[in-house]
Amino acid sequence: MSDSTAAGLPFLKGHGTQNDFVIIPDPDGRLDLGRAEVALLCDRRAGIGGDGMLRVVRASADPAAADLADRAEWFMDYRNADGSIAEMCGNGVRVFAHYLVRSGLAKPGELAIATRAGIRQVTVAEDGPDGTPGLITVDMGRALLPGPDGIEVAVGSHRWPARNVNMGNPHAVAFVDSLADAGDLFTAPLTTPAGAYPEGVNVEFVVDRGPRHVAMRVHERGSGETRSCGTGACAVAVATARRDGLDPAVTGEAVAYTVDLPGGRLVIEEFPDGRVTMTGPAVIVASGVLDPAWLGVTLG
(Lines give C-alpha, C1' and ligand atoms only; values in the text may rest on other atoms or scores of the structure.)
Protein backbone atom coordinates (compact mmCIF):
# COMPACT_ATOMS: atom_id res chain seq x y z
CA MET A 1 0.00 0.00 0.00
CA SER A 2 1.35 3.41 -0.93
CA ASP A 3 1.92 6.18 1.62
CA SER A 4 -0.87 8.25 0.06
CA THR A 5 -3.33 5.37 0.37
CA ALA A 6 -2.18 4.65 3.92
CA ALA A 7 -2.89 8.28 4.78
CA GLY A 8 -6.45 8.06 3.53
CA LEU A 9 -8.52 6.76 0.66
CA PRO A 10 -10.43 9.56 -1.12
CA PHE A 11 -14.18 9.22 -1.58
CA LEU A 12 -17.15 11.35 -2.57
CA LYS A 13 -20.89 11.06 -2.03
CA GLY A 14 -23.38 11.92 -4.75
CA HIS A 15 -26.91 11.26 -5.88
CA GLY A 16 -29.14 11.38 -8.94
CA THR A 17 -32.77 12.03 -7.99
CA GLN A 18 -31.82 10.73 -4.52
CA ASN A 19 -30.43 7.44 -5.80
CA ASP A 20 -27.19 7.83 -3.84
CA PHE A 21 -23.71 6.46 -4.34
CA VAL A 22 -20.30 6.26 -2.74
CA ILE A 23 -17.77 7.36 -5.37
CA ILE A 24 -14.26 5.91 -5.18
CA PRO A 25 -11.67 7.47 -7.51
CA ASP A 26 -9.25 4.74 -8.64
CA PRO A 27 -7.95 5.98 -12.00
CA ASP A 28 -5.13 3.46 -12.30
CA GLY A 29 -7.11 0.45 -11.10
CA ARG A 30 -4.97 -0.22 -8.04
CA LEU A 31 -7.69 -0.88 -5.48
CA ASP A 32 -8.90 -4.37 -4.66
CA LEU A 33 -12.50 -3.88 -3.54
CA GLY A 34 -14.34 -7.10 -2.87
CA ARG A 35 -17.99 -7.68 -2.11
CA ALA A 36 -17.54 -7.29 1.65
CA GLU A 37 -15.66 -3.98 1.33
CA VAL A 38 -18.28 -2.51 -0.99
CA ALA A 39 -21.12 -3.61 1.29
CA LEU A 40 -19.35 -1.95 4.23
CA LEU A 41 -18.90 1.29 2.29
CA CYS A 42 -22.61 1.31 1.42
CA ASP A 43 -23.80 0.44 4.93
CA ARG A 44 -25.80 3.41 6.22
CA ARG A 45 -24.82 2.82 9.85
CA ALA A 46 -21.38 1.23 9.74
CA GLY A 47 -20.09 2.96 6.59
CA ILE A 48 -20.67 5.96 4.34
CA GLY A 49 -24.04 4.76 3.10
CA GLY A 50 -25.42 4.48 -0.40
CA ASP A 51 -27.57 2.53 -2.82
CA GLY A 52 -24.38 1.50 -4.56
CA MET A 53 -20.74 2.26 -5.27
CA LEU A 54 -19.18 3.90 -8.33
CA ARG A 55 -15.48 3.13 -8.79
CA VAL A 56 -13.93 5.59 -11.24
CA VAL A 57 -11.22 3.79 -13.21
CA ARG A 58 -9.67 4.13 -16.65
CA ALA A 59 -11.08 1.50 -18.97
CA SER A 60 -7.57 0.49 -19.98
CA ALA A 61 -6.74 -0.26 -16.33
CA ASP A 62 -9.60 -2.70 -15.65
CA PRO A 63 -9.91 -6.12 -17.32
CA ALA A 64 -13.70 -5.78 -17.30
CA ALA A 65 -13.52 -2.81 -19.67
CA ALA A 66 -10.17 -3.11 -21.46
CA ASP A 67 -11.86 -4.02 -24.74
CA LEU A 68 -13.79 -0.73 -24.60
CA ALA A 69 -10.78 1.47 -23.92
CA ASP A 70 -10.46 2.55 -27.55
CA ARG A 71 -13.94 4.12 -27.34
CA ALA A 72 -14.13 5.38 -23.75
CA GLU A 73 -11.42 6.58 -21.40
CA TRP A 74 -13.40 5.97 -18.19
CA PHE A 75 -15.09 2.83 -16.87
CA MET A 76 -17.94 2.94 -14.34
CA ASP A 77 -17.37 -0.08 -12.10
CA TYR A 78 -20.81 -0.19 -10.50
CA ARG A 79 -21.67 -2.37 -7.51
CA ASN A 80 -24.98 -2.77 -5.69
CA ALA A 81 -25.26 -1.93 -2.00
CA ASP A 82 -24.70 -5.58 -1.06
CA GLY A 83 -21.46 -5.60 -3.03
CA SER A 84 -22.76 -7.59 -5.97
CA ILE A 85 -21.78 -6.54 -9.48
CA ALA A 86 -24.42 -4.93 -11.70
CA GLU A 87 -24.32 -4.37 -15.43
CA MET A 88 -25.64 -0.84 -15.47
CA CYS A 89 -27.10 1.99 -13.37
CA GLY A 90 -28.71 4.93 -15.16
CA ASN A 91 -28.63 7.36 -12.23
CA GLY A 92 -25.12 6.17 -11.52
CA VAL A 93 -23.97 7.12 -15.02
CA ARG A 94 -25.23 10.67 -14.53
CA VAL A 95 -23.46 10.99 -11.18
CA PHE A 96 -20.33 9.42 -12.67
CA ALA A 97 -20.34 11.92 -15.56
CA HIS A 98 -20.96 14.82 -13.18
CA TYR A 99 -17.98 13.71 -11.09
CA LEU A 100 -15.72 13.53 -14.17
CA VAL A 101 -16.62 17.11 -15.17
CA ARG A 102 -16.49 18.44 -11.60
CA SER A 103 -13.03 16.97 -11.05
CA GLY A 104 -11.63 18.22 -14.35
CA LEU A 105 -11.30 14.75 -15.89
CA ALA A 106 -13.79 15.67 -18.62
CA LYS A 107 -15.42 18.81 -20.01
CA PRO A 108 -19.12 19.65 -20.34
CA GLY A 109 -20.58 18.39 -23.57
CA GLU A 110 -20.44 14.90 -24.99
CA LEU A 111 -18.42 12.07 -23.50
CA ALA A 112 -18.38 8.29 -23.62
CA ILE A 113 -18.48 6.11 -20.49
CA ALA A 114 -17.75 2.40 -20.45
CA THR A 115 -20.08 0.16 -18.41
CA ARG A 116 -20.59 -3.58 -18.15
CA ALA A 117 -23.60 -3.09 -20.43
CA GLY A 118 -21.42 -1.40 -23.07
CA ILE A 119 -20.63 2.21 -23.97
CA ARG A 120 -23.01 4.92 -22.81
CA GLN A 121 -22.90 8.29 -24.59
CA VAL A 122 -23.53 11.17 -22.18
CA THR A 123 -24.20 14.87 -22.71
CA VAL A 124 -23.45 17.15 -19.76
CA ALA A 125 -25.03 20.60 -20.00
CA GLU A 126 -23.16 23.67 -18.79
CA ASP A 127 -23.95 24.81 -15.25
CA GLY A 128 -26.59 27.50 -14.84
CA PRO A 129 -25.69 31.14 -14.13
CA ASP A 130 -26.38 30.53 -10.44
CA GLY A 131 -24.05 27.53 -10.36
CA THR A 132 -26.81 24.93 -10.56
CA PRO A 133 -25.30 21.81 -12.18
CA GLY A 134 -26.50 21.30 -15.73
CA LEU A 135 -28.86 18.45 -16.53
CA ILE A 136 -27.30 15.29 -17.90
CA THR A 137 -28.68 13.24 -20.77
CA VAL A 138 -27.60 9.62 -21.15
CA ASP A 139 -28.08 7.52 -24.27
CA MET A 140 -29.17 4.34 -22.52
CA GLY A 141 -29.01 2.17 -25.63
CA ARG A 142 -31.85 0.08 -26.95
CA ALA A 143 -34.44 -1.63 -24.84
CA LEU A 144 -35.00 -5.33 -25.34
CA LEU A 145 -38.33 -6.96 -24.63
CA PRO A 146 -37.35 -10.61 -24.27
CA GLY A 147 -39.50 -13.59 -23.34
CA PRO A 148 -40.87 -15.43 -21.64
CA ASP A 149 -44.44 -14.20 -21.83
CA GLY A 150 -46.66 -14.54 -18.78
CA ILE A 151 -44.37 -12.80 -16.27
CA GLU A 152 -46.18 -12.04 -13.03
CA VAL A 153 -45.17 -10.04 -9.95
CA ALA A 154 -46.62 -10.68 -6.49
CA VAL A 155 -46.51 -8.80 -3.17
CA GLY A 156 -48.49 -10.44 -0.41
CA SER A 157 -51.94 -11.26 -1.77
CA HIS A 158 -51.56 -8.87 -4.71
CA ARG A 159 -50.55 -10.23 -8.10
CA TRP A 160 -50.06 -8.41 -11.41
CA PRO A 161 -48.95 -9.24 -14.95
CA ALA A 162 -45.60 -7.64 -15.76
CA ARG A 163 -43.69 -6.56 -18.85
CA ASN A 164 -40.19 -7.98 -19.19
CA VAL A 165 -37.83 -5.17 -20.28
CA ASN A 166 -34.04 -5.32 -20.44
CA MET A 167 -32.04 -2.08 -20.34
CA GLY A 168 -28.68 -3.80 -20.04
CA ASN A 169 -30.08 -5.16 -16.78
CA PRO A 170 -33.41 -6.96 -16.23
CA HIS A 171 -36.69 -5.31 -15.23
CA ALA A 172 -40.22 -6.49 -14.56
CA VAL A 173 -42.71 -3.62 -14.94
CA ALA A 174 -46.16 -3.92 -13.34
CA PHE A 175 -49.00 -1.41 -13.68
CA VAL A 176 -50.92 -1.09 -10.41
CA ASP A 177 -53.88 0.85 -9.01
CA SER A 178 -51.88 2.32 -6.11
CA LEU A 179 -48.16 2.50 -5.39
CA ALA A 180 -48.98 1.53 -1.80
CA ASP A 181 -49.95 -1.93 -3.07
CA ALA A 182 -46.23 -2.64 -3.57
CA GLY A 183 -45.76 -2.87 0.21
CA ASP A 184 -42.52 -1.87 1.91
CA LEU A 185 -40.29 -3.35 -0.82
CA PHE A 186 -37.65 -4.26 1.76
CA THR A 187 -37.61 -7.75 0.30
CA ALA A 188 -37.76 -8.70 -3.36
CA PRO A 189 -41.25 -9.16 -4.81
CA LEU A 190 -41.97 -12.66 -6.07
CA THR A 191 -41.66 -13.06 -9.84
CA THR A 192 -42.94 -16.02 -11.82
CA PRO A 193 -42.37 -18.24 -13.70
CA ALA A 194 -39.50 -19.54 -11.61
CA GLY A 195 -36.20 -19.20 -13.42
CA ALA A 196 -37.31 -16.25 -15.55
CA TYR A 197 -34.65 -14.09 -13.89
CA PRO A 198 -31.77 -16.36 -12.83
CA GLU A 199 -29.61 -13.35 -11.88
CA GLY A 200 -32.40 -11.53 -10.06
CA VAL A 201 -34.53 -8.65 -11.33
CA ASN A 202 -35.43 -5.03 -10.66
CA VAL A 203 -39.18 -4.71 -10.16
CA GLU A 204 -41.08 -1.51 -10.97
CA PHE A 205 -44.62 -0.63 -9.88
CA VAL A 206 -46.30 2.06 -11.98
CA VAL A 207 -49.39 4.31 -11.80
CA ASP A 208 -50.62 6.92 -14.26
CA ARG A 209 -50.40 10.63 -13.39
CA GLY A 210 -51.55 12.14 -16.68
CA PRO A 211 -50.90 12.03 -20.43
CA ARG A 212 -47.40 10.58 -20.95
CA HIS A 213 -46.79 11.05 -17.24
CA VAL A 214 -46.38 8.20 -14.75
CA ALA A 215 -45.08 7.62 -11.24
CA MET A 216 -43.21 4.57 -9.98
CA ARG A 217 -41.60 2.75 -7.08
CA VAL A 218 -38.84 0.20 -7.52
CA HIS A 219 -37.16 -2.68 -5.76
CA GLU A 220 -33.58 -2.87 -7.06
CA ARG A 221 -31.97 -6.28 -6.82
CA GLY A 222 -29.19 -6.21 -4.25
CA SER A 223 -30.32 -2.86 -2.80
CA GLY A 224 -34.02 -3.06 -1.88
CA GLU A 225 -36.30 -0.09 -2.50
CA THR A 226 -34.37 2.93 -3.76
CA ARG A 227 -35.47 6.53 -4.19
CA SER A 228 -34.80 6.35 -7.90
CA CYS A 229 -33.63 3.96 -10.62
CA GLY A 230 -32.59 5.32 -14.00
CA THR A 231 -32.70 2.06 -15.95
CA GLY A 232 -35.99 1.34 -14.16
CA ALA A 233 -37.46 4.65 -15.33
CA CYS A 234 -36.39 3.79 -18.88
CA ALA A 235 -37.97 0.34 -18.62
CA VAL A 236 -41.16 1.92 -17.30
CA ALA A 237 -41.33 4.42 -20.16
CA VAL A 238 -40.78 1.68 -22.74
CA ALA A 239 -43.41 -0.57 -21.15
CA THR A 240 -45.88 2.32 -20.91
CA ALA A 241 -45.36 3.26 -24.55
CA ARG A 242 -46.16 -0.32 -25.58
CA ARG A 243 -49.24 -0.32 -23.39
CA ASP A 244 -50.34 2.98 -24.93
CA GLY A 245 -49.74 1.82 -28.50
CA LEU A 246 -46.92 4.32 -28.99
CA ASP A 247 -44.05 2.06 -30.03
CA PRO A 248 -41.77 4.47 -31.96
CA ALA A 249 -40.60 1.66 -34.25
CA VAL A 250 -44.22 1.31 -35.37
CA THR A 251 -45.38 4.95 -35.34
CA GLY A 252 -42.12 6.37 -36.71
CA GLU A 253 -42.22 9.12 -34.07
CA ALA A 254 -40.23 9.56 -30.89
CA VAL A 255 -42.18 9.44 -27.63
CA ALA A 256 -41.27 11.02 -24.29
CA TYR A 257 -42.59 10.23 -20.83
CA THR A 258 -42.17 12.13 -17.59
CA VAL A 259 -41.43 9.65 -14.82
CA ASP A 260 -41.86 10.69 -11.19
CA LEU A 261 -39.86 8.75 -8.62
CA PRO A 262 -39.75 9.20 -4.84
CA GLY A 263 -36.47 11.09 -5.27
CA GLY A 264 -37.32 13.33 -8.18
CA ARG A 265 -38.25 13.47 -11.85
CA LEU A 266 -36.69 12.05 -15.01
CA VAL A 267 -37.63 12.53 -18.65
CA ILE A 268 -37.29 9.43 -20.83
CA GLU A 269 -37.45 9.56 -24.62
CA GLU A 270 -37.51 6.62 -27.04
CA PHE A 271 -36.71 7.03 -30.74
CA PRO A 272 -37.78 5.07 -33.83
CA ASP A 273 -34.34 3.43 -34.07
CA GLY A 274 -34.87 2.01 -30.57
CA ARG A 275 -32.53 4.34 -28.68
CA VAL A 276 -33.68 5.44 -25.23
CA THR A 277 -32.39 8.61 -23.58
CA MET A 278 -32.72 9.70 -19.97
CA THR A 279 -32.40 13.30 -18.76
CA GLY A 280 -32.09 14.37 -15.15
CA PRO A 281 -29.91 15.99 -12.49
CA ALA A 282 -26.83 14.79 -10.60
CA VAL A 283 -25.29 16.24 -7.45
CA ILE A 284 -22.06 15.74 -5.48
CA VAL A 285 -22.82 16.45 -1.81
CA ALA A 286 -19.60 15.61 0.05
CA SER A 287 -16.01 14.47 -0.20
CA GLY A 288 -13.49 13.14 2.28
CA VAL A 289 -11.00 10.41 3.06
CA LEU A 290 -11.52 6.91 4.39
CA ASP A 291 -9.27 5.04 6.77
CA PRO A 292 -8.02 2.16 4.58
CA ALA A 293 -7.31 0.07 7.67
CA TRP A 294 -11.02 0.28 8.57
CA LEU A 295 -12.01 -0.74 5.06
CA GLY A 296 -9.30 -3.37 4.76
CA VAL A 297 -8.39 -2.48 1.18
CA THR A 298 -5.18 -3.36 -0.61
CA LEU A 299 -3.62 -2.14 -3.82
CA GLY A 300 -3.51 -4.51 -6.77
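Up top is the structure.
Since we're looking at a predicted model, the values are computed, not measured. (Residues numbered from 1 in each chain as written. Predicted model: local features only at pLDDT ≥ 70, side-chain atom pairs only at ≥ 80, totals over all residues. Heavy atoms only, no water.)

A. Representation of the overall build of the protein chain within the structure. The number of helices and strands found in the protein chain is six helices and 21 strands. In summary, the protein chain has a C-alpha radius of gyration of 19 Å against a globular reference of 19 Å for 300 residues, a match within 12%. Along the three orthogonal principal directions, the C-alpha set of the protein chain runs to about 60 × 40 × 40 Å. Counting all 300 residues of the protein chain, 53% fall into the buried class. (Helix = DSSP H or I, 4+ residues; strand = E, 2+ residues; numbered from the N terminus. Rg over C-alpha atoms; globule rule 2.2 N^0.38 Å. Buried < 20%, exposed > 50% of the residue type's maximum accessible area, 1.4 Å probe, protein only.)

B. A look at the pairing of strand β7 (residues 118–124). For β7, the buried fraction is high: five of the seven residues fall into the buried class. Where strand β6 (residues 109–115) lies against β7, seven bridges are found, and the strand directions are antiparallel. Paired with Glu 110 across the bridge in β7 is Thr 123. Hairpin remark: β6 followed by β7, antiparallel, with two residues in the connecting loop. Of the strand pairs in this sheet, β7 and strand β8 (residues 136–142) are connected by four bridges, and their pairing is antiparallel. Bridge assignment links Thr 123 to a residue of β8, and that residue is Thr 137. (Pairing = 2+ DSSP bridges.)

C. Region of the structure containing the packing of aromatic side chains. Tallied over the full model, the rule gives two aromatic pairs. Between Trp 160 and Phe 205, the aromatic rings sit 5.5 Å apart at their centres with planes inclined by 75°, giving edge-to-face as the arrangement. One end of the pair, Trp 160, is in strand β10 (residues 158–161); the other, Phe 205, is in strand β14 (residues 202–210), and 45 residues separate them in sequence. Grouping residues by exposure puts Trp 160 and Phe 205 together as buried. In this structure, Arg 243 is placed above the aromatic ring of Phe 175, and the distance from its NZ or CZ to the ring centre is 4.7 Å. Above the ring of Phe 271, the side-chain terminus of Arg 275 is found at 4.6 Å from the ring centroid. (Phe/Tyr/Trp six-rings, centres within 6.5 Å; stacked < 30°, edge-to-face > 60°. Lys NZ or Arg CZ within 6 Å of the ring centre and 35° of its normal.)

D. Region of interest: the side chain of Ser 84. Turning to its location among the elements, Ser 84 is positioned in the loop between β5 (74–80) and α3 (90–102). A distance of 2.6 Å separates polar atoms of two side chains, one belonging to Ser 84 and the other to Asp 82. When sequence neighbours within four positions are dropped, the list of residues in contact with Ser 84 reads Arg 35 and Arg 79. (Polar contact = N/O pair within 3.5 Å; in protein donor to acceptor, adjacent residues only side chain to side chain. Contact = heavy atoms within 4.5 Å.)

E. Representation of helix α4 (residues 230–243). Along its 14 residues, α4 runs 20 Å from first to last C-alpha, staying within 8% of the 20 Å computed at 1.5 Å per residue. Taken across its 14 residues, α4 has 13 buried, putting it largely inside the fold. Within two residues after α4, Gly 245 carries a phi angle of roughly 70°, on the positive side. (Expected span 1.5 Å × (residues − 1).)

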